[in-house]
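# Per-entry structural report
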Amino acid sequence: MKRVIIGLSGGVDSSVAAYLLKEQGYEVIGLFMKNWHDDSVTISNECPWLDDSNDAMLVAEKLGIPFQTVDLSEQYKERIVDYMFDEYKKGRTPNPDVLCNREIKFDVFMKIALELGADYVATGHYCRKGTIQKDSKDVYQLLAGADNNKDQSYFLCQLSQEQLSKALFPIGELTKPEVRAIATKLDLVTAEKKDSQGLCFIGKVKLPDFLQQQLKPKEGVIVEVPSEQDIYNYIQTEFNSEEEKLEYLSRKIEYKMDSGKIVGKHQGAHYFTKGQRKGLGVGGTVEPLFVIDTDVDDNVIYTGQGKTHPGLYKKALFVSNEELHWIREDLELQIDATMQVKARIRYRQTLENATLHKVNSGLYVEFENFQSAITEGQFVAWYLNDELIGSGVIS
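What counts, and where the lines are drawn
- Residues numbered from 1 in each chain as written.
- Predicted model: local features only at pLDDT ≥ 70, side-chain atom pairs only at ≥ 80, totals over all residues.
- Heavy atoms only, no water.
- Helix = DSSP H or I, 4+ residues; strand = E, 2+ residues; numbered from the N terminus.
- Rg over C-alpha atoms; globule rule 2.2 N^0.38 Å.
- Buried < 20%, exposed > 50% of the residue type's maximum accessible area, 1.4 Å probe, protein only.
- Contact = heavy atoms within 4.5 Å.
- Areas by Shrake-Rupley, 256 points an atom, 1.4 Å probe, with all protein chains shown as cover.
- Salt bridge = Lys/Arg side-chain N within 4 Å of Asp/Glu carboxyl O.
- Core = buried A, V, L, I, M, F, W, Y, C linked by side-chain atoms within 4.5 Å.
- Expected span 1.5 Å × (residues − 1).
- Pairing = 2+ DSSP bridges.
- Axes fitted to C-alpha atoms, helices over the stretch in contact; angles between N-to-C directions.
- Parallel < 35°, antiparallel > 145°, perpendicular 65-115°, else oblique.
- Left-handed = near helix turned anticlockwise from the far one by under 90°.
- Nonpolar A, V, L, I, M, F, W, Y, C, P; charged D, E, K, R; others polar.
- 1 Å grid on protein atoms, 1.4 Å probe; cavity = no way out; pocket = protein on both sides within 12 Å on 5 of 7 lines; lining within 4 Å.
- Points joined across faces, edges and corners; volume = space filled by probe spheres on them.

### As for the overall build of the protein chain
From N to C terminus, the protein chain includes nine helices and 18 strands. For the protein chain, whose C-alpha radius of gyration is 23 Å, the value lies close to the compact-globule estimate of 21 Å for 395 residues. Judged by the C-alpha coordinates and their principal axes, the protein chain covers about 65 × 55 × 35 Å. By residue count, 55% of the 395 residues in the protein chain fall in the buried class. A fraction of 70% describes how many contacts in the protein chain between residues 6 or more apart in sequence connect residues 24 or more apart. Per element, the accessible surface of the protein chain, about 18,400 Å² overall, is 47% carbon and sulfur.

Below, the structure written as structure tokens:
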């Protein structure tokens with residue numbers, strides 16, 4: 001009998017995943033990951049991980065599977081938290097959930113599971129795994145979940161063939177309502193539980209509060225850049241090479257204080273991210289202000305009015321070789337090669353037509369349509385049909 005260790009998070013998805021594995025005849029063990037000790041940054045007095053770990057335990061009891069808790073807070077702090085602070089300091093916006101899957105669930109956690117004699121590690125993600133034969137070797141595919149509304153393949157965009165080979169996603173063929181219905185039928189304590197918000201596995205943490213621990217508030221100004229600014233009017237159409245064109249399309253516009261007028265103050269540029277609208281506290285504009293850029297060195301936030309402001313839109317982005325990842329190593333692009341794909345730059349975004357261009361220094365992703373708020377530090381993921389084949393950090 002094959003042994004599967006499932007990460008029970010205390011939510012409905014992993015609960016039902018555990019049940020399905022048991023139904024399929026696996027020997028199932030539930031493991032709850034405790035990733036956080038510092039209660040000073042949780043939003044309320046309740047201790048979210050304790051509630052979650054209790055719920056996970058009750059589910060395991062109900063399903064009749066062994067259960068234990070593992071404390072990974074040290075590795076979590078090193079690999080996720082320190083990385084996040086680091087990225088924010090550089091003025092980039094990290095995605096802790098993608099990292100948590102690559103570094104914690106499918107690395108630290110997976111190693112523990114394999115030491116406990118597991119054949120597979122399972123999670124409650126809405127995605128599917130495929131296996132195809134290529135040159136008489138097994139090649140693993142990461143496929144979108146059957147529920148279009150909940151597809152979470154994006155969060156797993158950094159997994160490797162090795163990690164996928166040992167992964168199982170039992171609820172990938174189901175929709176969220178179907179998962180809830182199973183939980184209700186089994187009378188699981190998690191059946192009605194709301195989906196978790198906040199940082200992956202830390203529970204209910206407000207990001208600014210969390211960041212304030214390390215990144216001290218420091219007052220700076222908010223500059224509003226008019227959409228008729230000259231920087232937007234100049235549009236280059238002649239290029240000596242395809243690469244020069246891509247470089248132009250993905251370029252970062254350099255804003256200066258005199259690009260616009262000062263309209264307010266903020267408490268630290270590193271708390272803000274491109275495309276953000278809330279938390280600026282500037283009133284009296286015809287349309288709401290959106291962050292179009294942050295300058296962490298000079299501590300300035302550049303904003304523009306309305307969601308159609310030209311400062312928000314770009315057609316291309318760049319990923320450096322160091323931050324480029326192919327799940328399907330066999331499909332990796334060689335220099336000067338291109339590929340037509342569908343791509344997204346954030347979770348829940350509809351897939352957009354794009355072309356990948358491999359160059360010496362990395363990879364350009366050129367979209368057919370303009371994209372709003374392409375944000376450095378976030379992940380771009382690309383697909384062929386419903387298969388996620390690669391991803392990278394937007395630089």
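### A short note on the pattern of salt bridges
Under the counting rule described, the total for this entry stands at 24 salt bridges. A salt bridge links Glu 87 to Lys 90; the nearest nitrogen and oxygen atoms lie 3.5 Å apart. Given a relative accessible area of 3%, Glu 87 falls into the buried group. Of the charged contacts, one joins Lys 111 and Asp 107 as a salt bridge, the two residues approaching to 2.7 Å between their closest N and O atoms.

### Section: the nonpolar core
Formed by 53 residues in total, the largest nonpolar core has its most connected members in Ile 104, Phe 109, Leu 142 and Phe 169. Of all elements in the fold, only strand S2 (27–34), helix H3 (73–89), helix H4 (96–115), strand S6 (137–144), helix H7 (207–212), strand S10 (289–295), strand S17 (379–384) and strand S18 (387–393) reach the threshold of two or more residues within this core. Here this core takes nine residues from H4, the largest share from any one element. Setting aside residues no more than four positions away along its own chain, Leu 142 makes contact with Cys 127, Arg 128, Ser 153, Leu 156, Cys 157, Leu 164, Phe 169, Ile 327, Asp 386, Glu 387 and Leu 388. Among the nonpolar cores identified, the runner-up in size contains 29 residues, and Leu 21, Trp 49, Ile 182 and Leu 188 belong to it.

### Remarks on helix H1 (residues 12–23)
With twelve residues, H1 extends 17 Å between its outermost C-alpha atoms, agreeing within 8% with the 16 Å of an ideal straight helix rising 1.5 Å per residue. In terms of residue burial, H1 counts as a mostly covered element, since ten of its twelve residues are buried. The complete set of buried residues in H1 reads Val 12, Asp 13, Ser 14, Ser 15, Val 16, Ala 17, Ala 18, Tyr 19, Leu 20 and Leu 21. Backbone geometry just downstream of H1 places Gly 25 in the positive-phi region, at approximately 90 degrees.

### Here's the deal with the sheet that holds strand S1 (residues 3–7)
Taken together, five strands build an open sheet; the order of strands is S3-S2-S1-S4-S7 and the sheet is parallel. Edge strands, defined here as strands with exactly one partner in the open sheet, are strand S3 (67–71) and strand S7 (167–168). Sheet analysis places strand S4 (residues 120–122) next to S7, joined by two bridges and oriented parallel. Opposite Val 121, over in S7, you have Ala 167 as the bridge partner. Its contacts with the sheet put H1 on S1, S2, S4 and S7, and the angle it makes with S1 is roughly 170 degrees. Together, S1, S2, S3, S4 and S7 form the strand contacts of H4, whose direction differs from that of S2 by roughly 125 degrees.

### A closer look at the packing of H1 against helix H6 (residues 176–185)
Put simply, H1 and H6 touch, their axes get as near as 9 Å, and they point 70 degrees apart. Between H1 and H6, the angle is such that the two are roughly perpendicular. Relative to H6, the crossing made by H1 is left-handed. The segment H1 lies against H6, with Val 12, Asp 13, Val 16, Tyr 19 and Leu 20 engaging Lys 176, Val 179, Arg 180, Ile 182 and Ala 183. Residue composition of the contact of H1 with H6, grouped by class: seven nonpolar, no polar and three charged.

### A word on the environment of Phe 109
By secondary structure assignment, the location of Phe 109 is in helix H4. Distance in space between the C-alpha atoms of Phe 109 and Lys 2 is 18 Å, their sequence separation being 107 residues. Setting aside chain neighbours within four positions, we find Phe 109 in contact with Ile 5, Ile 6, Gly 7, Leu 31, Met 33, Val 70, Leu 72, Ile 104 and Val 121.

### Structural notes on empty space enclosed by the protein
Taken as a whole, this structure holds one cavity of 30 Å³ or more when the rule is applied. Counted as a void, the largest cavity has a volume near 80 Å³. What lines the largest cavity is Gly 91, Thr 93, Lys 252, Phe 272, Thr 273, Lys 274, Asp 293, Thr 294, Thr 375 and Glu 376. Of the residues belonging to the lining of the largest cavity, the class tally is one nonpolar, five polar and four charged.

### A few points about the pairing of strand S8 (residues 220–224)
Summarising burial for S8: five of the five residues are buried, a large majority. Where S8 lies against strand S9 (residues 261–266), five bridges are found, and the strand directions are antiparallel. Looking at S9, one finds that Val 223 is bridged to Ile 262. Two elements, S8 and strand S11 (residues 300–305), share four bridges in a ladder whose sense is parallel. The residue of S11 that forms the bridge with Val 223 is Tyr 302.

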